[in-house]
Amino acid sequence: MKFGKQAAVLALSIAITATSHAPAWADSGAGSTVSAVSTYSLTGTVRAEVKGISINKLSEETRIGVIVRLYNDEVTEKRVPDYELRLRTSDGAVYTLKASSANDPSIQAKATADVTYAATISRSDNLSVSELAFVEVDDFVYPKKETALLTIPVTGRVWNAAVGDLTDDSQIIDWGTSFGIPASLSPLRYTPVSLSKVNDPKGASMLLTLLAENPSSMTETIPGFRMDGKAESQIFAGQRVEQGVLTLAAGEKKYIHYAIPVNNDTELSGLILMTTDVFVPAARQGQAVQPLSFDTGRLKVLTPAGGVTAGTSLADYAPRTPIAFDPLNRIIDSQTEVSLVDLQRHENDGDGYQTVVAKFKLTNLSDRTIPLPVFQAEISGGDGARYAGSRQNTAPANLMPRLSHVVSYAFALPKSEHSEQLGIHLLDAVTAAPYKTTIAAVKTGVTTTNDSDVMLFYPYSVKLHDWFLGAYTNAGQAMSYSYKLRMNLSLTSEDDVVTDQGFSKLKIELQDSLGRVLGSQTVPFTGPNKLIDGTQTINISNIRTEQVEYPLTVKLYETFETPDGEAKRLVKTLQQ
């Protein structure tokens, strides 16, 4: 059969019968690319559309996969036409593709059916597809009769795995542009909102966040597409983090995430939306059927300038005011208020780092008991570096109605970090586990510990009026001493803030003139032997010397236990 002649004969009829419609992924908003997708009349009642073509070069051969969507415009079920599908390359070669044995035999009334074809040919050079043709073959006459029914030009919109890129303008969109899956009947829309680099024991990955939205009036299932990363000549396969079937109710919005393992020095230039189709060969007697899958790149999203978006925008924040969270986050609901009530920084004597302690007040605005939200926190400095926080070990399981709890985090920062403002990033470590996603990000000023008479242990304020430190011989223990610290304090606390055994404690350390710690004692703010308003005597008996030292330095710390050990913040220094 002469492919070119048949195409020329049909040129006029195709021009008449071809129709165009805007694809589901075409965005009518500013900055979007809209491209018409054409359907062609195959029979009197059935139209055809080329949904995708995939070329995958193997070691010594090439596998071609084609997906065609058939439209039944009638009100009755129609049989899928039993025509051959042939493919022509730009060098004039023609190949007959086999139909998948799993193709639907019919098309429901006013519905569509996707039919798959494939062929494996003994060529390893780069192929360029120019046309597809449906051919009716009559084997009951001699010689057999072939009639070309429809020829469809397919330049562009062909995924060649060896090239690994999309260059047609209609297949490329800018970062932040809303899109749908090309050639998909799904009404769901997706918008790229975040791209960040994460590291774990398995290596580096790029974490992509898409905002999925259902504008329809019915519940829709999110199709199982994939987002791969493109960097120069390399493709890095991505995987959706959320497993299982995901649905969106009418009008619902939800984040979905894709993890793309990359090399440490990889900078992605684009993200390619990939779909996977399956071809099932015809069964042969006595042989098992092995389905073949092939991927097709359908859309390329250009990455933002700099390659990542996380941490680039931090809102100014006034301490002790509610923090604005992403309204779609699944950790903090509208009835829970979170505010940063204290952010203190100090250097640890003898250590090569400084400590920042952040305290968050969580308030239950509702009239019912709710679980205490568990989020993680990071701090970013002036150079953009981010430091993970260590949360206090013990926190209440629930938030009582109309009450607040305080949760503390400790951060270790290098001594070179002197920024007057720090970024605070609150993270969800559950929804896209094992990856963390940002649910709030602000920047605010940090306070350096001063030597005021009023010591702050939010929600407590402690004013030191006077103090005295004395040494005493331990009864029955020769050359054994202990110290007693007597303090006259005024202790106040804010209303409606609950503290428990996991709350910070006051730690008292005695140091000699060389800075060595001779002994210490810890006093809680709650429970037995707690710090009280008025005069209080604290016994420090675990002394590491057999003689009385003078003068001594008394250092007062705020401490709490974390998975990384004791976190402490210097509050005040007293000198004999």
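The structure presented is a predicted model; accordingly, all values stated were derived computationally and were not measured. (Residues numbered from 1 in each chain as written. Predicted model: local features only at pLDDT ≥ 70, side-chain atom pairs only at ≥ 80, totals over all residues. Heavy atoms only, no water.)

1. A closer look at the overall build of the protein chain
Then step 1. Scanning the protein chain from terminus to terminus reveals one helix and 44 strands.
Then step 2. What you see for the protein chain is a C-alpha radius of gyration of 35 Å, clearly larger than the 25 Å of a compact globule of 576 residues, by over 25%.
Then step 3. For the protein chain, the spread of C-alpha atoms along the principal axes amounts to about 120 × 50 × 50 Å.
Then step 4. Counting every position in the protein chain, which comprises 576 residues, the buried fraction comes to 49%.
Then step 5. Across the protein chain, the fraction of contacts at a sequence separation of at least 24, relative to all contacts at a separation of at least 6, is 65%.
Then step 6. As displayed, the protein chain offers around 27,800 Å² of accessible surface, 48% of which is attributable to carbon and sulfur atoms. (Helix = DSSP H or I, 4+ residues; strand = E, 2+ residues; numbered from the N terminus. Rg over C-alpha atoms; globule rule 2.2 N^0.38 Å. Buried < 20%, exposed > 50% of the residue type's maximum accessible area, 1.4 Å probe, protein only. Contact = heavy atoms within 4.5 Å. Areas by Shrake-Rupley, 256 points an atom, 1.4 Å probe, with all protein chains shown as cover.)

2. Overview of the environment of Arg157
Then step 1. With respect to the helices and strands, Arg157 occurs in the loop between strand 11 (145–153) and strand 12 (158–160).
Then step 2. Arg157 gets classed as partly exposed once you look at its relative accessible area, which sits at 31%.
Then step 3. Taking the C-alpha atoms as reference points, Arg157 and Ser416, separated by 259 residues in sequence, lie 53 Å from one another.

3. Notes on the pairing of strand 7 (residues 94–99)
Then step 1. Bridging between strand 6 (residues 84–89) and strand 7 involves four bridges; their strand directions are antiparallel. Its bridge partner being in strand 7, Arg86 is matched across the sheet by Thr96.
Then step 2. Turn length for the strand 6-strand 7 hairpin, with the two strands adjacent in sequence and antiparallel, is four residues, and the turn residue Gly92 shows positive phi of about 95 degrees.
Then step 3. Inspection of the sheet shows strand 7 paired to strand 9 (residues 112–121) by two bridges, in the antiparallel sense. Looking at the pairing, Ala99 lines up with Tyr117 of strand 9. (Pairing = 2+ DSSP bridges.)

4. A word on the environment of Lys568
Then step 1. With respect to the secondary-structure elements, Lys568 resides in strand 44 (residues 565–575).
Then step 2. Separated by 63 residues in sequence, Lys568 and Lys505 place their C-alpha atoms 9.4 Å apart.
Then step 3. With residues near it in sequence (within four places) discarded, Lys568 still touches His346, Asn348, Thr355, Glu509, Tyr557, Glu558 and Thr559.

5. Topic: the pattern of salt bridges
Then step 1. Inspection of every chain in the model, using the stated rule, returns 21 salt bridges.
Then step 2. Ionic pairing is found between Glu84 and Arg86, a salt bridge with its closest N-O pair at 2.7 Å.
Then step 3. You can call Glu84 partly exposed: its relative accessible area is 28%.
Then step 4. With relative accessibility at 8%, the residue Arg86 sits in the buried group.
Then step 5. Lys300 serves as the salt-bridge partner of Asp165, at 3.0 Å between the closest nitrogen and oxygen. (Salt bridge = Lys/Arg side-chain N within 4 Å of Asp/Glu carboxyl O.)

6. A short note on the sheet that holds strand 36 (residues 454–457)
Then step 1. Strand order in the open sheet formed by four strands is 36-37-38-42, with antiparallel pairing between adjacent strands. Where the open sheet ends on each side, the last strands, each with one partner, are strand 36 and strand 42 (534–540). Adjacent strand axes in the sheet meet at a mean angle of 40 degrees, parallel and antiparallel pairs treated alike.
Then step 2. Note: strand 38 (residues 481–493) against strand 42, seven bridges, orientation antiparallel. Bridge pairing in strand 42 links Leu489 to Gly534. (Axes fitted to C-alpha atoms, helices over the stretch in contact; angles between N-to-C directions.)

7. Points about unusual backbone geometry
Then step 1. That bond from Tyr142 to Pro143 is cis: its omega, -10 degrees, falls within 30 degrees of zero.
Then step 2. You can see Pro143 is positioned in the loop between strand 10 (129–138) and strand 11.
Then step 3. Cis geometry is found at the peptide bond from Ala433 to Pro434, where omega equals 10 degrees.
Then step 4. Structurally, the position occupied by Pro434 is in the loop between strand 33 (421–428) and strand 34 (437–445).
Then step 5. The phi dihedral of Asn529 falls on the positive side, at around 60 degrees, and the residue is not glycine.

8. Looking at the packing of aromatic side chains
Then step 1. Scanning the entire structure with this criterion turns up 10 aromatic pairs.
Then step 2. Considering the side-chain rings of Phe360 and Phe375, the 5.6 Å spacing of their centres and the 90 degrees angle between planes classify their relative orientation as edge-to-face. Pair noted here: Phe360 is in strand 26 (residues 353–364) and Phe375 is in the loop between strand 27 (370–371) and strand 28 (376–380), with a separation of 15 residues, a long-range link.
Then step 3. For Phe360, a relative accessible area of 0% translates into the label buried.
Then step 4. In this structure Phe375 comes out as buried when scored by relative accessible area, which is 2%.
Then step 5. Here the aromatic cluster, defined as three or more aromatic residues joined through ring pairs, consists of Phe179, Tyr190, Phe225 and Tyr258.
Then step 6. Its guanidinium or amino end placed over the ring of Tyr71, Arg47 lies 4.7 Å from that ring's centre, counting from NZ or CZ. (Phe/Tyr/Trp six-rings, centres within 6.5 Å; stacked < 30°, edge-to-face > 60°. Lys NZ or Arg CZ within 6 Å of the ring centre and 35° of its normal.)

9. Describing the sheet that holds strand 15 (residues 203–213)
Then step 1. Strand order in the open sheet formed by four strands is 14-15-21-19, and the pairing between neighbours is antiparallel. The sheet terminates laterally at strand 14 (189–200) and strand 19 (239–240), the two strands that pair on one side only.
Then step 2. Bridging between strand 14 and strand 15 involves 11 bridges; their strand directions are antiparallel. Bridged to Arg189 within strand 15 is Glu213.

10. Observations regarding the confidence of the model for the protein chain
Then step 1. The share of residues in the protein chain with pLDDT of 70 or more is 91%, and the mean pLDDT across the chain is 87.
Then step 2. For the stretch residues 1–36, pLDDT sits under 50, and the model shows 74 contacts to residues farther than four places along the chain or on other chains. (pLDDT = per-residue confidence, 0-100.)

11. Details of the pairing of strand 32 (residues 404–414)
Then step 1. Here strand 32 lies mainly inside the structure; nine of its 11 residues are buried.
Then step 2. As paired strands, strand 26 and strand 32 are joined by 11 bridges and run antiparallel to one another. Opposite Val357, over in strand 32, you have Ala410 as the bridge partner.
Then step 3. Direction of pairing for strand 30 (residues 390–391) relative to strand 32: antiparallel, over a ladder of two bridges. Bridge assignment links Arg391 to a residue of strand 32, and that residue is Tyr409.
Then step 4. As defined by bridge partners, strand 32 adjoins strand 39 (residues 497–498) across two bridges and the pair is classed as parallel. Within strand 39, the residue paired with Ser404 across the bridge is Val497.

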